[in-house]
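In case you want the letters, here they are:
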Amino acid sequence: MSVEKQILEIIDEKVRPALQSHGGDIEFVEFDEGNGVLKVRLQGACGSCPFAQETLRAQVEAVLKRDIPEIKSVVRER
């Protein structure tokens, strides 16, 4: 399974449900395998929340990095 497919699966199964329970969502933008940077877009309530950066770090990045070691960081695309 490709890294991108793994990312999409983890987002769908573990990340998205948590964000949707708070009125938000997440969109995969791109993954740069060369430097391990995943770009995502937070949507809905998460897109405008003042705690969005903390959500990105504590929930999104932590879950994805734990399950997919190729990910070095997750950044927010606006």
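We now turn to the structure provided with this report.

### Section: the pattern of salt bridges
So, step 1. One pass over the full model with this rule turns up six salt bridges.
So, step 2. Between Glu27 and Arg41 there is a salt bridge; the shortest N-O distance is 3.1 Å. Within this pair, whereas Glu27 is found in strand β1 (residues 24–32), its partner Arg41 is found in strand β2 (residues 37–44), the two being separated by 14 residues in sequence.
So, step 3. For Glu27, a relative accessible area of 29% translates into the label partly exposed.
So, step 4. We classify Arg41 as partly exposed; its relative accessible area is 25%.
So, step 5. Its salt-bridge partner being Arg66, residue Asp67 comes within 3.5 Å of it at the nearest N-O pair.
So, step 6. Residue class for Asp67 comes out partly exposed when judged on its relative accessible area of 27%.

### Comments concerning helix α1 (residues 3–20)
So, step 1. Here α1 spans 24 Å end to end across 18 residues, near enough to the 26 Å set by a 1.5 Å rise per residue.
So, step 2. Of all the bends in α1, the greatest, near 45°, is centred on Ile11.
So, step 3. Looking only at α1, the buried set comprises Val3, Ile7, Ile10, Ile11, Val15 and Leu19.
So, step 4. In this fold, the buried residues of α1 make contact with β1, β2, α2 (45–48) and α3 (52–67).

### What to know about the pairing of β1
Along any regular strand, the residues point their side chains to alternate faces of the sheet.
So, step 1. Across eight bridges, the pairing between β1 and β2 is antiparallel. Its bridge partner being in β2, Ile26 is matched across the sheet by Leu42.
So, step 2. Between β1 and β2, which pair antiparallel one after the other, the connecting turn spans four residues, and Gly36 there sits at a positive phi close to 75°.

### Description of a negative patch on the surface
So, step 1. Taken together, the side chains of Glu4, Asp32, Glu33 and Glu70 present a region of like negative charge at the surface.
So, step 2. By the element assignment, Asp32 lies in strand β1.

Each value, and the rule that gives it
Residues numbered from 1 in each chain as written. Predicted model: local features only at pLDDT ≥ 70, side-chain atom pairs only at ≥ 80, totals over all residues. Heavy atoms only, no water. Salt bridge = Lys/Arg side-chain N within 4 Å of Asp/Glu carboxyl O. Helix = DSSP H or I, 4+ residues; strand = E, 2+ residues; numbered from the N terminus. Buried < 20%, exposed > 50% of the residue type's maximum accessible area, 1.4 Å probe, protein only. Expected span 1.5 Å × (residues − 1). Bend = angle between axes of the 7 residues up to and from the residue. Contact = heavy atoms within 4.5 Å. Pairing = 2+ DSSP bridges. Patch = residues over 30% accessible without salt bridge, like charges linked within 9 Å, V, L, I, M, F, W, Y side chains within 5 Å. Areas by Shrake-Rupley, 256 points an atom, 1.4 Å probe, with all protein chains shown as cover. Lys, Arg positive; Asp, Glu negative; His and termini not counted. Charge placed at Lys NZ, Arg CZ, Asp CG, Glu CD.

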